[in-house]
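Structure at a glance
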Amino acid sequence: MSASHTQTVVAGSEASVLADTPATRNPAHLSWAPFLWFAPAILILFLVTLYPTVFVGWLSFQKTRYYDLTGFVGLTNYVEVFSSPAFWNTVYVSLVYVAGSLAGAVVLGMAAALVLNNAGPTGTVLRVLILFPWTLSMSVVGSIWLWLLNPSFGPIPYLMQLTGIDPGLMLGDPGLALPLIIVVTAWWSFPYVMVMATAAMQSIPKELYEAVEIDGGGPLVKFRYVTLTHILPTLGSTALTLSIMYLTLMTLIIVMTGGGPLGSTTTLSFEAFRGTVQAVNIGPTAVVSIVVLLINVGLGVVYTRLTGRVTG
Amino acid sequence: MANVELQAVKKAYGNAPVIHGVTVDIDDGEFVTLVGPSGCGKSTLLRMIAGLEDISGGQIRIGGRTVNGVPPKERDIAMVFQNYALYPHMTVAENMGFSLKLKKASRDERDAGVKRAAEILSLTKLLDRYPRELSGGQRQRVAMGRAIVRDPQVFLFDEPLSNLDAKLRVQMRTEIKELHQRLKTTTVYVTHDQVEAMTMADKIVVMHDGLVEQIGAPLDLYNHPANMFVAGFIGSPAMNFLKGRCENGRFVLEDGSALPLPASLQHLSSSAVYGVRPEHLVRSDDGLALTVAVVEPTGAETQVIARHGSQSIVCIFRDSELPQPGETIRVRPDVARVHVFDESEGTRLS
């Protein structure tokens, strides 16, 4: 059998090679087998990801009364959402939240990485300690900060009073609530940036720094031309993962502000959550979810491009 | 260009000394290799000349100026690293011109410097490429280009050819030597490969355990090694060492067979080590009997690994008649090129 197979290959006749392959000898069995192997994965993917997503998409064209569907309404939900100033305010809050948290986390994470990377064994110990916030449950983080920032008995307003600053209502102040949530989000997530940046920094050959020294550059040149350029791809993909996470994150907001005061911390994801729980008609809420989904898919595409460029 | 003087240079990491006082004078325009086995301190010494390592003791002077404590960029040196250390996100031209950019040289000045170096190293066609698009040899040339652009007083090379394949290594060796003959810049070159050291250097510094074993021209070290370490390190394949005694004007091995001694050593009467290079053994009917173990023909010559009792002896023959494994051959050393070493100190007696 193997000899005849070889002969057909040598003869170069494609048809005879195909005729001799096992696939065509038992088509019924073999055409199904690959699908069978894939079935569990596809089934799980469908149940866990695809079905809910498609369902939300379908829901965005429906009108509901609590959990009862009352009928197809076409683009009415979209028109309602996109023409509402509250929605655009939510989009604005989301973008400020994502951009602010990201800026805070990246700056803090980079600073921690740079300092601890040059601190030897002490740095290693400190890195483990700094990772602590990242390992906490987000509701615990929210509760800790709720206490820290409490205008009546929290230590932070107390310290502010001691230094002569009027702490005001803290999270109760519509102008201050979002910045404070941003600070807490950055505090919670900067260790992730630190870990990723440290890993990238440790892969930089030390000869590059020595080459800069000999070429006549100081610490700034080393940072700008060696460290930063080396870790930028890692930093970029870390920032994108974090953006996607921030955009869907709402535990902190639920625990700390409940979206208030006066909607000043209502992000798109929080709005989607609130609508699902409270609204009579879930249709518009589904539209908000779709918006979040589309933004995240967009970020995901950028992320794939970026990592593709890094690895490929 | 400048001379480099190392005076009793020491290096210690904490309480662990790694270089125990090295004194070397490198003349203006000279090509000096620091050679020795791994961990002998040669790279550390080079990095101290570059200013990348602190000096724990002694003095380093470049062009008459003491540079202990002077940062690398002010030493007017250029260094080529083993792994090239090219900036990965910069093109070849940007890599080569980076030091000029940091010096705030004008664009024209920078371009002229890069162009000149690129022409010397035939890199002109590669100037717009990135390091990742280059082969190992090309990268090494770019690293050399980066050094040339700076027009330094001293070139420092830290095992620059170790990452290249054997053929390319030989080719780049020639290129570096030609480059030196053309630019005549003082060069300090670190390698663990004694062939590289022999073929390239005007002067070789053989190091071992943080000490200088011998300094000299390549053939000086080959013909007159100061001790057994240098004798064994310089020359390939390595020198054969045989233990025994000098007695009655002859060298008597442990099994009683005798080897001739040079006239100047015939008066000796003590335990010693007899050293003879594989290429200085000739076949002779009245010679020492050896049993052939392995025959390795390389075309021009044949390396024969043979045994005399428990002792392994390597011979190199240039004649076409190859002995067979198991065969007994008789060899005689060229008595004029025999070395005798003190058994305990390892220093050369002849």
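1. Focus: the overall build of chain B
- When its secondary structure is counted, chain B shows eight helices and 19 strands.
- Overall, chain B is about 75 × 45 × 35 Å in size when its C-alpha atoms are taken along their principal axes.
- Counting over 350 residues, chain B shows a buried share of 51%.
- Nonlocal contacts in chain B, meaning residues at least 24 apart in sequence, comprise 66% of its contacts between residues at least 6 apart.
- Here chain B displays about 15,700 Å² of accessible surface, and carbon together with sulfur accounts for 46% of that area.
- Measuring between centres, the 40 positive side-chain charges of chain B sit 6 Å from its 43 negative side-chain charges.

2. Some words on the nonpolar core
- In terms of nonpolar packing, the biggest core is built from 94 residues, with Leu-6 and Leu-156 of chain B touching the most fellow members.
- The next biggest cluster of nonpolar side chains, apart from the first, holds 44 residues, and it includes Leu-123, Val-206, Tyr-222 and Val-230 of chain B.

3. Details of the sheet that holds strand E11 (residues 240–247) of chain B
All names here are of chain B.
- Overall, antiparallel pairing links the five strands, which are arranged E13-E12-E11-E14-E19 in an open sheet. With partners counted over all chains shown, the strands left at the sheet margins are strand E13 (258–260) and strand E19 (339–342), one partner each. Averaged over all pairs of adjacent strands, the angle between strand axes in this sheet comes to 45°, irrespective of strand direction.
- Judged from the three bridges that link them, strand E12 (residues 250–253) and E13 form a sheet pairing that is antiparallel. Each residue of the ladder has a partner; that of Val-252, found in E13, is Ala-258.

4. Examining the packing of aromatic side chains
- With the rule as written, the count across this model stands at 23 aromatic pairs over all chains.
- A centroid spacing of 5.7 Å and a plane angle of 70° characterise the contact between Phe-241 of chain B and Phe-341 of chain B, whose relative ring orientation is edge-to-face. With Phe-241 of chain B in strand E11 and Phe-341 of chain B in strand E19, this pair connects stretches of sequence that are 100 residues apart.
- The buried category is assigned to Phe-341 of chain B, whose relative accessible area is 0%.
- With a centroid separation of 4.9 Å and an interplanar angle of 40°, the aromatic rings of Phe-251 of chain B and Tyr-274 of chain B are classed as tilted. Here Phe-251 of chain B, found in strand E12, pairs with Tyr-274 of chain B, found in strand E14 (residues 271–276); they are 23 residues apart in sequence, far enough to count as distant.
- Residue Phe-251 of chain B is classed as buried on the basis of its relative accessible area, which comes to 0%.
- By way of ring pairs, the aromatic residues Phe-61, Phe-72, Tyr-78, Phe-82, Phe-87 and Trp-88 of chain A are connected into one cluster.
- A cation over a ring is seen here: Arg-146 of chain B above Tyr-87 of chain B, with NZ or CZ 5.1 Å from the ring centre.
- Taking NZ or CZ as reference, Arg-277 of chain B lies 4.2 Å from the ring centre of Tyr-222 of chain B, over its face.

5. Concerning the domain arrangement of chain B
All names here are of chain B.
- Looking at the assigned domains, one finds that chain B contains domain 1 (4–233) and domain 2 (240–342).
- A C-alpha centroid distance of 39 Å is found between domain 1 and domain 2.
- Each side of the interface is counted separately: domain 1 has eight residues, and domain 2 has eight residues.
- A buried area of about 700 Å², summed over both sides, lies between domain 1 and domain 2, and 60% of it is on carbon and sulfur atoms.
- Summed over the three residues of domain 1 that lose the most area to domain 2, namely Tyr-222, Met-228 and Ala-231, the buried surface amounts to 73% of that side.
- If you look at where domain 1 meets domain 2, you find zero salt bridges.

6. Quick look at the environment of Ser-101 of chain A
Residues and elements named next belong to chain A.
- Tracing the backbone shows Ser-101 in helix H6 (residues 85–117).
- What makes Ser-101 buried here is its relative accessible area of 0%.
- Separated by 82 residues in sequence, Ser-101 and Val-183 have C-alpha atoms that sit 6.8 Å apart.
- Those residues in contact with Ser-101, other than ones at most four positions away along the chain, are Val-96, Ile-182, Thr-185, Ala-186 and Tyr-246.
- A polar contact is formed between the side chain of Ser-101 and the backbone oxygen of Tyr-97, at a distance of 2.7 Å.

7. Quick look at the interface of chain A and chain B
- Taken together, the contacts link 17 residues of chain A with 22 residues of chain B.
- Taking both partners together, chain A and chain B bury about 1,600 Å²; carbon and sulfur atoms supply 65% of that area.
- If you sort the residues of chain A by the area they bury against chain B, Ile-214, Asp-215 and Tyr-225 of chain A come out on top, with a joint share of 43%.
- Across the contact surface, chain A and chain B share one salt bridge.
- The partner of Arg-47 of chain B in a salt bridge is Glu-210 of chain A, and the shortest N-O contact between them spans 2.6 Å.
- Linking chain A to chain B there are nine residue pairs in polar contact (both at pLDDT 80 or more).

8. What about the sheet that holds strand E15 (residues 281–297) of chain B?
Residues and elements named next belong to chain B.
- The four strands lie next to each other as E17-E16-E15-E18, forming an open sheet whose pairing is antiparallel. Pairing within the sheet leaves two strands with one partner each, and these edge strands are strand E17 (311–317) and strand E18 (328–333). Mean inter-strand twist for the sheet, computed between neighbouring axes without regard to direction, equals 50°.
- Bridge count between strand E16 (residues 302–308) and E17: seven bridges; the pairing is antiparallel. By the bridge assignment for E17, Gln-303 is matched with Ile-316.

9. Some thoughts on empty space enclosed by the protein
Residue and element names in this part refer to chain B.
- Applying the stated criterion across every chain, the model contains three cavities of 30 Å³ or more.
- Size it by volume and the largest cavity reaches roughly 70 Å³.
- As for the largest cavity, its lining consists of Asn-240, Leu-242, Leu-259, Val-276, Leu-281, Leu-288, Leu-290, Ile-313, Val-331 and Pro-333.
- Elements with a minimum of two residues in the lining of the largest cavity: E11, E15 and E18.

10. A few points about the confidence of the model for chain B
Residue and element names in this part refer to chain B.
- In this model, chain B carries a mean pLDDT of 90, and residues with pLDDT of at least 70 account for 99%.
- When pLDDT is averaged over each helix and strand of chain B, the minimum, 88, is found for helix H5 (residues 166–183) and the maximum, 95, for strand E3 (residues 31–35).
- Two numbers describe this predicted complex: its pTM, 0.77, and its ipTM, 0.83.

11. Some thoughts on the environment of Ala-105 of chain B
Residues and elements named next belong to chain B.
- Tracing the chain through its elements places Ala-105 in the loop between helix H2 (92–102) and helix H3 (107–120).
- Judged by relative accessible area, which is 13%, Ala-105 ranks as buried.
- Setting aside chain neighbours within four positions, we find Ala-105 in contact with Leu-100 and Arg-110.

12. Looking at the layout of surface pockets
- Considering only enclosed or pocket space, the largest pocket measures out at about 640 Å³ in volume.
- Lining the largest pocket are 20 residues, and of these Thr-229 and His-230 of chain A together with Pro-88, His-89 and Arg-132 of chain B lie nearest its centre.
- Mapped onto the lining of the largest pocket, the elements with two or more residues apiece are helix H13 (219–248) and helix H16 (283–311) of chain A.
- Tallying contributions element by element places H13 of chain A first for the lining of the largest pocket, with five residues.

Each value, and the rule that gives it
- Throughout this document, residue positions are counted from 1 along each chain, in the order its sequence is written.
- All chains are assigned letters beginning with A, and all ligands numbers beginning with 1, in the order in which they are written.
- For a predicted model such as this one, the threshold for reporting local features is a pLDDT of at least 70, and the threshold for listing and counting side-chain atom pairs is 80 or more; totals across whole chains, interfaces and linings nevertheless cover every residue.
- The side-chain values count all of the structure's non-hydrogen atoms but skip hydrogen atoms and water molecules.
- Strands are runs of DSSP state E lasting at least two residues, helices are runs of H or I lasting at least four, and both sets are numbered from the N terminus onward.
- For each residue, the accessible area found with a 1.4 Å probe, counting protein chains only, is set against the maximum for its type, and the residue is called buried under 20%, exposed over 50%, and partly exposed in between.
- Residue contacts are defined here by distance: any two heavy atoms, one from each residue, within 4.5 Å place the two residues in contact.
- Here, Shrake-Rupley sampling with a 1.4 Å probe gives the accessible areas, and only protein chains in the shown set may cover a residue.
- A positive count includes Lys and Arg, and a negative count includes Asp and Glu. His and the chain ends are not counted in either.
- By convention, the point assigned to a charge is CZ for Arg, NZ for Lys, CD for Glu and CG for Asp.
- Only buried residues count toward a nonpolar core, which is a set of Ala, Val, Leu, Ile, Met, Phe, Trp, Tyr and Cys residues joined through side-chain atoms within 4.5 Å.
- Note: two strands are recorded as paired if DSSP finds a minimum of 2 bridges between them.
- The axes are straight lines fitted to the C-alpha atoms, using for helices just the contacting stretch, and the angles between their N-to-C directions are given from 0 to 180°.
- Only the six-membered ring of Trp is used, alongside the rings of Phe and Tyr, when aromatic pairs are assigned; centres must lie within 6.5 Å, and planes under 30 degrees apart are stacked while those over 60 apart are edge-to-face, with the rest tilted.
- Whether a charge sits over a ring depends on NZ of Lys or CZ of Arg being within 6 Å of the ring centre and within 35 degrees of the ring normal.
- Domain delimitation in this document rests on an assignment produced automatically or drawn from a domain database.
- Computed with a 1.4 Å rolling probe, the buried area is the accessible surface lost when two parts are put together, summed over both parts.
- A pair is scored as a salt bridge if a Lys or Arg side-chain nitrogen falls within 4 Å of a carboxyl oxygen belonging to Asp or Glu.
- N or O atoms closer than or at 3.5 Å make up a polar contact, with two conditions inside protein: a donor-capable atom paired with an acceptor-capable one, and, for residues adjacent in sequence, both atoms drawn from side chains.
- A cavity here means a set of points on a 1 Å grid, drawn over the protein atoms and nothing else, where a 1.4 Å probe fits but cannot get out; a pocket is an open set with protein on both sides within 12 Å along at least five of seven lines, and a residue lines either one if it has an atom within 4 Å of a point.
- Grid points are joined across faces, edges and corners, and a volume is the space filled by probe spheres set on the points.
- pLDDT expresses, on a scale from 0 to 100, how confident the predictor is about each individual residue.

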